[in-house]
Amino acid sequence: MNAPRIAGVDEAGRGPLAGPVAVAAVILHPDRPIAGLGDSKALSEARRDALEPLIIEHALAWHVEWVPPEEIDRLNILQATLAGMSRALRALRPAAEHALVDGNRLPRDLPCPAQALVKGDAREPAIMAASILAKVARDRLMRELDAQFPGYGFALHKGYPTPEHLEALRRLGPCAQHRRSFAPVRACLEPTLLD
């Protein structure tokens with residue numbers, strides 16, 4: 001009997017003030033193990049970049065789904081991320097028969113049975129692979145957005161609320177990639193009481 005096709009699902013970019021969330025789903029090939037997988041946050045950027053093409057080449061199926069800032073603002077960050085997880089799973093070919101989702105919440109409308117795994121990105125190779133694909137894809141996109149929206153430093157901080165990013169946000173105001181529902185961005189849009 002063949003082993004069931006188990007997808008790992010993880011995201012990158014829930015905390016930033018700008019840019020999309022990247023959600024990845026990966027079904028690892030049982031006969032093509034990938035050495036060196038780990039939690040993307042614990043791996044160096046160079047190691048993640050080296051693992052990305054290996055995952056893409058060796059996986060049975062993979063997909064990276066983007067959840068844009070407008071969707072995050074409309075649904076809230078948790079619900080938008082869960083929606084992205086469901087879409088990422090639905091895009092896999094061949095389809096997953098079971099999913100392991102990093103964290104403690106599952107989307108309601110998954111296409112297959114699933115289990116939430118707290119700290120799954122440090123425990124389960126398929127989630128590790130998804131974590132790496134999501135992080136590498138998002139970092140690459142933020143470098144591209146840095147060229148489109150100069151002055152914010154997206155290539156350096158990837159949209160996270162660093163002091164440099166907050167200062168640029170106050171100085172330049174939000175750009176099209178900023179999440180309007182996040183408090184530091186919203187504060188830049190609200191008129192001050194002194195006006």
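Quick look at the structure, then.

Reading the values: the criteria
- Residue positions are given per chain, counted from 1 along the sequence in the order it is written.
- pLDDT decides what is reported in this predicted model: residues at 70 or higher carry local features, side-chain atom pairs at 80 or more are listed and counted, and totals for whole chains, interfaces and linings draw on all residues regardless.
- In computing side-chain values, all of the structure's heavy atoms are included and hydrogens and water are not.
- Under the pairing criterion, centres of Phe, Tyr and Trp rings, with the six-membered ring standing for Trp, must be within 6.5 Å; the plane angle then separates stacked pairs below 30 degrees from edge-to-face pairs above 60, leaving the rest tilted.
- Only protein chains enter the area calculation, which uses a 1.4 Å probe; residues under 20% of their type maximum are buried, those over 50% are exposed, and those in between are partly exposed.
- A strand pair is defined by DSSP finding two or more bridges across the two strands.
- For helices the rule is a DSSP run of H or I covering at least 4 residues; for strands it is a run of E covering at least 2, with both sets numbered from the N terminus onward.
- Angles shown run from 0 to 180 degrees and are taken between the N-to-C directions of axes, each axis being a line fitted to C-alpha atoms and, for helices, limited to the stretch in contact.
- To qualify as a nonpolar core, a set must consist of buried Ala, Val, Leu, Ile, Met, Phe, Trp, Tyr and Cys residues joined through side-chain atoms within 4.5 Å.
- Here, residues are in contact when the closest pair of their heavy atoms is within 4.5 Å.
- An angle below 35 degrees is read as roughly parallel, one above 145 as roughly antiparallel, one from 65 to 115 as roughly perpendicular, and any other as oblique.
- Working rule for handedness: look at the near helix, and if it is turned counterclockwise from the far one by less than a right angle, call the crossing left-handed; if clockwise, right-handed.
- For this scheme, ten residues count as nonpolar: Ala, Val, Leu, Ile, Met, Phe, Trp, Tyr, Cys and Pro. Four count as charged, namely Asp, Glu, Lys and Arg, and the remainder, Gly too, count as polar.

**Digging into the packing of aromatic side chains**
Think of a pair of aromatic rings as described by two things: how far the centres are apart, and how the planes are tilted against each other in angle.
Here is step 1: Inspection of every chain in the model, using the stated rule, returns one aromatic pair.
Here is step 2: Judged by centre distance (5.4 Å) and plane angle (10°), the ring pair of Tyr 152 and Phe 154 falls under stacked. The two residues Tyr 152 and Phe 154 agree in class, both being buried.

**Some remarks on the sheet that holds strand β2 (residues 21–27)**
Here is step 1: Read from one edge to the other, the open sheet built from five strands follows the order β3-β2-β1-β4-β5, with strand pairing classed as mixed. At either margin of the open sheet sits one strand with a lone partner, and together these are β3 (61–67) and β5 (114–117). When the angles between neighbouring strand axes are averaged without regard to direction, this sheet yields 20°.
Here is step 2: Note: strand β1 (residues 6–12) against strand β4 (residues 98–102), four bridges, orientation parallel. In the sheet register, Val 9 faces β4, and the bridge partner there is Val 101.

**Structural notes on the nonpolar core**
Here is step 1: Formed by 24 residues in total, the largest nonpolar core has its most connected members in Val 9, Val 23, Leu 89, Leu 92 and Ala 96.
Here is step 2: Broken down by secondary-structure element, the contributors of at least two residues to this core are β1, β2, β3, α3 (77–90) and β4.
Here is step 3: Ranked by residue count, the leading element in this core is α3, at five residues.
Here is step 4: Those residues in contact with Ala 96 that sit more than four places away from it in its chain are Arg 5, Ala 7, Ile 27, Leu 89 and Cys 112.
Here is step 5: Grouped together as the second largest cluster of nonpolar side chains are 19 residues, Leu 37, Ile 55, Val 64 and Leu 133 included.

**A look at the packing of helix α1 (residues 45–58) against helix α4 (residues 125–148)**
Here is step 1: Running from N to C, α1 and α4 point in directions that differ by 115°, and their axes come no closer than 9 Å. The angle between α1 and α4 falls in the class roughly perpendicular. For the element pair α1 and α4, the recorded crossing hand is left-handed. Touching Glu 45, Arg 48, Asp 49, Leu 51, Glu 52, Ile 55 and Ile 56 of α1 are Ala 129, Ile 132, Leu 133, Lys 135, Val 136, Asp 139, Arg 140 and Arg 143, all from α4.
Here is step 2: When the residues that make up the contact of α1 with α4 are grouped by side-chain class, the tally is seven nonpolar, no polar and eight charged.

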